[in-house]
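Read off the chains here:
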Amino acid sequence: MAYRVRRICKIALISTAMAVLTPLQTQSQGAGLGAAGELVDPDRLRVCADPSNMPFSDQSGEGFEDKLAEMVATATGRSSVTHTWFPSVTGFVRNTLGANRCDIIMGYAQGDELVQNTNAYYRSSYVLLYKRDGDLAGVETLTDPKLADKKIGVVQGTPPSANMAIAKLMRKAKVYPLMVDTRVAPSMAEVMIRDVLADVIDAAVVWGPMAGYYARKSGADLALVPLTREKGGQRMIYRITMGVRPSDQQWKRTLNAFIRDNQAEINKLLLSYGVPLLNEHDERITQ
């Protein structure tokens, strides 16, 4: 969880603490944009992924990015999907895509300079999560007076913490750690939802795809409200793309064509994992 959230914090799915990506820069200068020397494997879809980062990726193949990779492989004529597994820590891109060990990162927020982004294949946001039948029913923004005396969970250093500070909600907040090794500990999104259900906290602010997945897994009746109406503070909504090397221009075009031609099926996959999808008008996509 920590890596995924840190990437969103930087308007990308890569932490600001990540090392400078010299290998990527070198390839871009050496091969040249669109050059014939692209390093993409034409036979196998080589995916860079975290081995334990549900709902995104997992060695079991159960993440939605794992399922999406299978779709990409089929559509682009690849015979199989192989993975370079690397934990979500500093150096992830440098040791995977940057080292030419794989050719695609399946989920990457638009706007980061460390990789080349494809077109976005979904938009989502941070959400406010609470019991649907509780006294917070109808709350849609962090400035709602109903939240003034509530204990709200938030992951340390994530964009919503800035908005909560502006709304004077941090004084009673429960702050959850950003650095969590999900190979040996549960995702903080899962922990926060458990705490909401146990009344340890009144509400939680969580990255939407994680909130949707773990809320659905809990089986509880929870409201997930996308924070699309925030005024000021940090941005809550992000476009998610696939990440490739700067030199792999034709590969990017191939993936853009895949996204264009398969958007309905991509949406169906994401919705099946509870991902709160938003259109360009910040309205929920439900099918």
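One structure accompanies this document, and this report is about it. (Residues numbered from 1 in each chain as written. Predicted model: local features only at pLDDT ≥ 70, side-chain atom pairs only at ≥ 80, totals over all residues. Heavy atoms only, no water.)

A word on the environment of G61. Note on placement: G61 falls in the loop between β3 (57-58) and α3 (64-75). The spacing of G61 and P51 is 10 residues in sequence and 9.1 Å in space, taken between C-alpha atoms. For G61, the residues in contact, after removing those within four places along its chain, are D66 and K67. (Helix = DSSP H or I, 4+ residues; strand = E, 2+ residues; numbered from the N terminus. Contact = heavy atoms within 4.5 Å.)

Before going further, it helps to spend a moment on the layout of surface pockets. If you add up the space inside the largest pocket, you get close to 290 Å³. Forming the walls of the largest pocket are 17 residues, and the residues nearest its centre are R132, R216, L224, G274 and R284. With four residues, strand β11 (residues 222-226) is the largest single contributor of residues to the lining of the largest pocket. Among the residues forming the lining of the largest pocket, the class breakdown is 10 nonpolar, three polar and four charged. (1 Å grid on protein atoms, 1.4 Å probe; cavity = no way out; pocket = protein on both sides within 12 Å on 5 of 7 lines; lining within 4 Å. Points joined across faces, edges and corners; volume = space filled by probe spheres on them. Nonpolar A, V, L, I, M, F, W, Y, C, P; charged D, E, K, R; others polar.)

For strand β10 (residues 203-207), a buried count of five out of five residues is recorded, marking the element as mostly surrounded by other parts of the structure. Two elements, strand β7 (residues 122-131) and β10, share four bridges in a ladder whose sense is antiparallel. Looking at the pairing, Y126 lines up with W207 of β10. Of the strand pairs in this sheet, strand β8 (residues 152-155) and β10 are connected by three bridges, and their pairing is parallel. (Buried < 20%, exposed > 50% of the residue type's maximum accessible area, 1.4 Å probe, protein only. Pairing = 2+ DSSP bridges.)

Moving on to the pattern of salt bridges. As enumerated under the stated definition, the model contains 13 salt bridges in all. Between R194 and E190 there is a salt bridge, and its shortest N-O distance comes to 3.2 Å. With a gap of four residues between them, R194 and E190 both fall in helix α6 (residues 188-197), about one helical turn apart. Where E280 meets R239, a salt bridge forms, and the shortest distance between an N and an O atom there is 2.6 Å. (Salt bridge = Lys/Arg side-chain N within 4 Å of Asp/Glu carboxyl O.)

Relative orientation of the contacting elements α3 and helix α8 (residues 249-261) amounts to 105°, with a least axis distance of 11 Å. On the basis of their axis angle, the class for α3 and α8 is roughly perpendicular. Together, L68, M71, V72 and A75 of α3 and W251, L255 and F258 of α8 make up the contact between the two elements. A per-class count over the contact of α3 with α8 returns seven nonpolar, no polar and no charged. (Axes fitted to C-alpha atoms, helices over the stretch in contact; angles between N-to-C directions. Parallel < 35°, antiparallel > 145°, perpendicular 65-115°, else oblique.)

Once that is clear, we can look at unusual backbone geometry. Residue P55 follows M54 across a cis peptide bond; omega there is 10°. Tracing the sequence through the fold places P55 in the loop between β2 (52-53) and β3. In this structure, D199 is a non-glycine residue whose phi angle is positive, near 65°. Structurally, D199 is set in the loop between α6 and β10. If you check the backbone angles, D282 has positive phi at about 65° while not being a glycine. Looking at the element boundaries, D282 is found in the loop between β13 (277-278) and β14 (284-285). Judged by relative accessible area, D282 falls into the partly exposed class, the value being 28%.

So, about helix α7 (residues 208-218). Burial analysis of α7 places eight of its 11 residues in the buried class, the great majority of the element. For α7, the set of buried residues is G208, P209, M210, A211, G212, Y213, Y214 and A215.

Remark: α6 packs on α7, axes separated minimally by 9 Å, with the N-to-C direction vectors making an angle of 50°. It follows that α6 is oblique to α7 by the angle criterion. Considering only the axes of α6 and α7, their crossing is right-handed. Counting all contacts with α6, which are made through A189, E190, I193 and L197, the residues of α7 involved are M210, A211, Y214, A215, K217 and S218. (Left-handed = near helix turned anticlockwise from the far one by under 90°.)

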